[in-house]
Amino acid sequence: MMGVIEVTPSRNSFPARLGAGILSGLRGVGSSLFDLVFPGRCAGCEQGGLPDQDRFWCSACRSRIQWIRSPLCTLCGKPFPKSPESPDHLCGECLLSTFQFDVARSSAVHAGAVRDSIHALKFGGRLHHVPALVQLLIEYIELAPDAWEGIIVPVPLHTRRLRQRGFNQAGLLARELGRRLQGTVRFDVLQRKQWTEPQTRLNREERLSNVRNAFQVVLPGEVKGGRILLLDDVYTTGSTLSECAGELKRAGAREVVALTVTRSVPELNLPPEAAQEI
Ligand SMILES: [Zn+2]
Ligand SMILES: [Zn+2]
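Residues numbered from 1 in each chain as written. Chains lettered and ligands numbered in written order. Predicted model: local features only at pLDDT ≥ 70, side-chain atom pairs only at ≥ 80, totals over all residues.

Overview of the overall build of the protein
Thinking step 1. The helix and strand tally for the protein stands at 12 helices and six strands.
Thinking step 2. Relative to its 278 residues, the protein shows a buried fraction of 38%.
Thinking step 3. Contacts in the protein between residues far apart in sequence, at least 24 positions, make up 73% of those at least 6 positions apart. (Helix = DSSP H or I, 4+ residues; strand = E, 2+ residues; numbered from the N terminus. Buried ≥ 20, exposed ≤ 12 C-beta atoms within 10 Å, placed from the backbone. Contact = placed C-beta atoms within 7 Å.)

Spelled out as structure tokens, the structure:
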């Protein structure tokens, strides 16, 4: 696998390799081009002058981040906020073996300042939000660093969308995550071969059929036998990540773990009136 770091399957390999990567990644926190363009400013409220140890989110915005924690689905990472005492277990969807990734996790609920930051990046082209969002991924990865070893592959955009938007937000997140972890990022192994309509207004079934066969592994030799860390900004229904994972596995990837900055959790994002009815 030329140009690709061989990833060992041993969970014990973490302290020697990825752990060192994380530590040095944290040391390198201030050297990103993004930081030079937009130093020490909160990604939530744009308050400036943040201290060095917390240069991406001010304490007020940070305190409102809804981190995704147990109990959650052991496979797709769906949280169970209504049963906080229960252990992690498979959700109804995963009992039916719907997803093609091996595991999926997200740092935070897609709400509030974090959602606004993703929108500012994705729809406003405000690229300086990238390191603040990657910081949330890093803090999640640090909880169980050995679970996130692998070749980082961003979910690709179709070239037409890439031309419209000018950048792939998942690619920018992957590049910054790779820099922070000193990991390998591959932008060239997975392509979106079919133009798909925006998913925003589609339900789960429509999303699934919308992305079916939309992706293609163009360099199967680079993923064969490897462990892939598939990266995207938001987990909504999991259909895009699942399709990508399926293609990577058909190309010979040994394992595909999906990671996103946020996850849509409809139960937690109800308007106040609706929330009171529960
Ligand atoms: Zn703030
Ligand atoms: Zn699940």
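Some remarks on unusual backbone geometry
Thinking step 1. In this model, S70 is joined to P71 through a cis peptide bond whose omega is 5°.
Thinking step 2. Mapped onto the secondary structure, P71 falls in the loop between helix 3 (59-63) and helix 4 (92-95).
Thinking step 3. The residue S97 is not glycine, and still its phi comes out positive at about 55°.
Thinking step 4. Among the structural elements, S97 can be located in the loop between helix 4 and strand 1 (103-109).
Thinking step 5. C-beta crowding within 10 Å serves as the criterion here: with 9 such atoms nearby, S97 is assigned to the exposed category.

Notes on helix 8 (residues 169-181)
Thinking step 1. The terminal C-alpha atoms of helix 8 lie 18 Å apart, and with 13 residues this matches the ideal 18 Å at 1.5 Å per residue to within 8%.
Thinking step 2. Most of helix 8 is tucked away: 10 of the 13 residues are buried.
Thinking step 3. Restricting attention to buried positions, one finds in helix 8 the residues Q169, A170, L172, L173, A174, E176, L177, G178, R180 and L181.
Thinking step 4. One or two steps after helix 8, the chain reaches Q182, where phi turns positive at roughly 55°. (Expected span 1.5 Å × (residues − 1).)

Things to note about the sheet that holds strand 1
Thinking step 1. Taken together, four strands build an open sheet; the order of strands is 1-6-5-2 and the sheet is parallel. The open sheet has two edge strands with one neighbour each: strand 1 and strand 2 (151-154). The mean angle between the axes of side-by-side strands here comes to 25°, regardless of whether they run parallel or antiparallel.
Thinking step 2. Summarising the sheet, strand 1 and strand 6 (residues 255-263) pair through six bridges and their orientation is parallel. (Pairing = 2+ DSSP bridges. Axes fitted to C-alpha atoms, helices over the stretch in contact; angles between N-to-C directions.)

Let's talk about the nonpolar core
Thinking step 1. Formed by 61 residues in total, the largest nonpolar core has its most connected members in L173, L230, L231 and L248.
Thinking step 2. Ranked by residues supplied to this core, first place goes to helix 6 (residues 130-141) with nine residues.
Thinking step 3. Setting aside residues no more than four positions away along its own chain, L248 makes contact with L190, V217, V223, I228, A253 and V256. (Core = buried A, V, L, I, M, F, W, Y, C linked by C-beta atoms within 7 Å.)

Structural notes on the environment of C91
Thinking step 1. Position of C91 relative to the elements: it lies in the loop between helix 3 and helix 4.
Thinking step 2. For the pair C91 and C76, spaced 15 residues apart in sequence, the C-alpha separation works out to 8.0 Å.
Thinking step 3. Excluding residues that lie within four positions of it along the chain, C91 makes contacts with C73, C76 and K78.

Thoughts on the packing of helix 9 (residues 204-211) against helix 11 (residues 239-250)
In helix packing, the relevant descriptors are the interaxial angle and the interaxial distance, both defined with respect to the helix axes.
Thinking step 1. Between helix 9 and helix 11, the shortest axis-to-axis distance is 9 Å and the interhelical angle comes to 35°. Where helix 9 crosses over helix 11, the handedness of that crossing is right-handed. Side by side, helix 9 and helix 11 meet where R204, R207, L208 and V211 of the first sit next to S239, T240 and E243 of the second.
Thinking step 2. For the contact of helix 9 with helix 11, the residue count by class is two nonpolar, two polar and three charged. (Left-handed = near helix turned anticlockwise from the far one by under 90°. Nonpolar A, V, L, I, M, F, W, Y, C, P; charged D, E, K, R; others polar.)

Some words on the pairing of strand 5 (residues 227-235)
Thinking step 1. Along strand 5, eight of the nine residues are buried, which leaves the element largely enclosed by surrounding structure.
Thinking step 2. Pairing between strand 2 and strand 5: four bridges, direction parallel. Following the sheet pairing, V153 is matched in strand 5 by L230.
Thinking step 3. As paired elements, strand 5 and strand 6 share eight bridges and run parallel to each other. Within the sheet, the bridge partner assigned to Y235 lies in strand 6 and is R263.
Thinking step 4. Handedness of the β-α-β unit built from strand 5, helix 11 and strand 6 comes out right-handed. (Right-handed = clockwise from strand over helix to strand, strands pointing away.)

Structural notes on the packing of helix 5 (residues 112-122) against helix 6
Thinking step 1. The N-to-C vectors of helix 5 and helix 6 enclose an angle of 135°; their axes lie 10 Å apart at closest approach. In terms of orientation, helix 5 and helix 6 fall into the oblique class. Here helix 5 and helix 6 pass one another in a crossing that is left-handed. Seen from helix 5, the contacting residues are V114, S117, I118 and L121; seen from helix 6, they are V130, A132, L133 and L136.
Thinking step 2. Grouping the amino acids of the contact of helix 5 with helix 6 by side-chain chemistry returns seven nonpolar, one polar and no charged. (Parallel < 35°, antiparallel > 145°, perpendicular 65-115°, else oblique.)

Concerning the environment of L208
Thinking step 1. Turning to its location among the elements, L208 is positioned in helix 9.
Thinking step 2. A tally of 17 C-beta atoms within 10 Å means that L208 is categorised as partly exposed.
Thinking step 3. With 34 residues separating them along the chain, L208 and S242 place their C-alpha atoms 9.0 Å apart.

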